[in-house]
Amino acid sequence: MDVAGLMSRGCASGARIGIGLSGEALSSVREKLESAGCKLSVVGFVDAGELILSLRDGRVEAGVRGALSSSAVLKELKRIFNLKEIMRVAVLEDVDGRPFLLAPVGIDEGTDMQSRLGLAREAIRYFGRAGWSIRTGVLSKGRPEDASRGDEIMRSLDEGEKIAAAMGSEGGGAAHYSILVEQAVKECDLILAPDGVSGNLMFRTLHFVGGGKAYGAPVVNLERVFVDTSRGKKDFADSIVLAAGLASLLSGEPVKA
């Protein structure tokens, strides 16, 4: 996973990026990108539908949620792109600067084994287009010896084993790490949480409490590039650059001089 290279490519791409920001917040992010030497054009939106329509119609090369309502943006993504569900994968960096992916991160996502397996497959496909080779660490709600401590823990352990086995049989690098997230992060690129609530808590703890970096969460079952963000994020410049980098890589176009 070359996140630094992706960000460098995005900064130099000259892409036109739409984001749900306006007023001083939009001016501030434009100034920060300009001071960093990024050749990006940033267009602000106050309406979720207009942002998603602009993405669909090619008026922007990528979109970023910014400060818009999550429910409004996800609703418009489903409607305009005719999606049954939204699959998001967060691009993170721990406090030591090691990048990794985390999913599911929405509290209503990854509620069963098949949805988590499908999410992992889409993540590998999506980031594989960027040339990344992804090893997956599957998490569950306890260690193997904890199976007798409740039906939910037993079920989670069983599902973790099955997901890792299914991905391994398909040729993807995967292993079940039980509850040992600290080990999985050291050895894997994609961390698959036991469910969306767990993933959301992991994300918020890492970023808002633990000092880790959150670039944003690309929607991996969408052919256009859209990066979801938390409204609690203080600065969206890195999310914009991430979106630009993904748009440049996934389109196969060379970086603009």
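Below is a short write-up of the structure. Keep in mind that what you see is a predicted model, and the values were worked out from it rather than measured.

**A short note on the overall build of the protein**
Point 1. A tally of regular secondary structure across the protein gives 9 helices and 10 strands.
Point 2. For the protein, the C-alpha radius of gyration of 18 Å lies close to 18 Å, the compact-globule estimate for 257 residues.
Point 3. In terms of overall dimensions, the protein has a C-alpha envelope of 55 × 35 × 35 Å along the principal axes.
Point 4. For the protein, buried positions account for 54% of its 257 residues.
Point 5. As presented, the protein carries roughly 11600 Å² of accessible surface, and 50% of it is formed by carbon and sulfur atoms.
Point 6. Of the charged side chains in the protein, 32 are positive and 34 negative, and the gap between their average positions amounts to 4 Å.

**Some points on the pattern of salt bridges**
Point 1. For the structure on display, the rule yields 16 salt bridges.
Point 2. Glu159 is the partner of Arg116 in a salt bridge, and the nearest nitrogen-oxygen pair spans 2.5 Å. Highlighted residues: Arg116 in helix 5 (residues 113–128) and Glu159 in helix 6 (residues 151–169), separated in sequence by 43 residues. Note on accessibility: Arg116 and Glu159 belong to one class, buried.
Point 3. Between Arg121 and Glu170 there is a salt bridge; the shortest N-O distance is 2.4 Å. Taken as a pair, Arg121 in helix 5 and Glu170 in the loop between helix 6 and strand 7 (173–178) lie far apart in primary sequence, 49 residues in all.
Point 4. Exposure remark for Glu170: the relative accessible area of 46% places this residue in the partly exposed category.
Point 5. One salt-bridge network, in which partners are shared between bridges, spans Arg65, Arg88, Glu109 and Asp228.

**Thoughts on unusual backbone geometry**
Most peptide bonds take the trans configuration, and most residues that are not glycine carry a negative phi.
Point 1. Between Ala103 and Pro104 the backbone carries a cis peptide bond, its omega angle lying at -15°.
Point 2. Here Asn82, not a glycine, exhibits a phi torsion of approximately 55°, which is positive.
Point 3. Counting through the fold element by element, Asn82 comes out in the loop between helix 4 (70–81) and strand 4 (90–93).
Point 4. For Asn82, a relative accessible area of 69% translates into the label exposed.
Point 5. You will see that Ser178, though not glycine, has its phi angle at about 55°, which is positive.

**What to know about the pairing of strand 9 (residues 213–218)**
Point 1. Strand 9 sits mainly inside the fold: 5 of its 6 residues count as buried.
Point 2. Two elements, strand 4 and strand 9, share 3 bridges in a ladder whose sense is antiparallel. Each bridged residue has a counterpart across the sheet, and for Glu93 the counterpart in strand 9 is Lys213.
Point 3. Both strand 9 and strand 10 (residues 225–228) contribute to a ladder of 2 bridges, which runs antiparallel. Residue Pro218 lies in a different strand from strand 10, and its bridge partner there is Val227.
Point 4. With antiparallel pairing between neighbouring strands as the criterion, strand 9 and strand 10 make up a hairpin whose turn holds 6 residues.

**Considering the environment of Ser115**
Point 1. Mapped onto the elements, Ser115 comes out in helix 5.
Point 2. The exposure class assigned to Ser115 is partly exposed, which follows from its relative accessible area of 22%.
Point 3. As for Ser115 and Asp195, which are separated by 80 residues in sequence, their C-alpha atoms are 9.5 Å apart.
Point 4. From its side chain, Ser115 meets the backbone nitrogen of Thr111 in a polar contact 3.5 Å long.

**Observations concerning the pairing of strand 7**
Successive residues of a regular strand alternate their side chains across the two faces of the sheet.
Point 1. Burial analysis of strand 7 places 5 of its 6 residues in the buried class, which makes it a mostly covered element.
Point 2. Note: strand 6 (residues 135–139) against strand 7, 5 bridges, orientation parallel. Each bridged residue has a counterpart across the sheet, and for Thr136 the counterpart in strand 7 is Ala174.
Point 3. The parallel pair strand 6 and strand 7 is bridged by helix 6, and the resulting crossover is right-handed.

**Overview of the sheet that holds strand 5 (residues 99–103)**
Point 1. The mixed open sheet is built from 10 strands, whose spatial order is 2-1-3-10-9-4-5-8-6-7. Strand pairing shows two members of the sheet lacking a second neighbour, strand 2 (41–44) and strand 7, which therefore form its edges. With direction set aside, neighbouring strand axes in the sheet form an average angle of 25°.

**Side note on the nonpolar core**
Point 1. Residues Val89, Phe127, Val225 and Ile240 are the most contacted members of the largest nonpolar core, which totals 53 residues.
Point 2. Per-element accounting of this core gives the leading share, 9 residues, to helix 9 (residues 237–251).
Point 3. Sequence-distant contacts of Val89, defined by excluding residues within four places in its chain, comprise Leu101, Leu102, Ala103, Leu119, Ala123, Phe127, Leu190, Gly216, Ala217, Pro218 and Val220.

Calculation rules
- Residues numbered from 1 in each chain as written.
- Predicted model: local features only at pLDDT ≥ 70, side-chain atom pairs only at ≥ 80, totals over all residues.
- Heavy atoms only, no water.
- Helix = DSSP H or I, 4+ residues; strand = E, 2+ residues; numbered from the N terminus.
- Rg over C-alpha atoms; globule rule 2.2 N^0.38 Å.
- Buried < 20%, exposed > 50% of the residue type's maximum accessible area, 1.4 Å probe, protein only.
- Areas by Shrake-Rupley, 256 points an atom, 1.4 Å probe, with all protein chains shown as cover.
- Lys, Arg positive; Asp, Glu negative; His and termini not counted.
- Charge placed at Lys NZ, Arg CZ, Asp CG, Glu CD.
- Salt bridge = Lys/Arg side-chain N within 4 Å of Asp/Glu carboxyl O.
- Pairing = 2+ DSSP bridges.
- Polar contact = N/O pair within 3.5 Å; in protein donor to acceptor, adjacent residues only side chain to side chain.
- Right-handed = clockwise from strand over helix to strand, strands pointing away.
- Axes fitted to C-alpha atoms, helices over the stretch in contact; angles between N-to-C directions.
- Core = buried A, V, L, I, M, F, W, Y, C linked by side-chain atoms within 4.5 Å.
- Contact = heavy atoms within 4.5 Å.

This is a description of form; function is not addressed.
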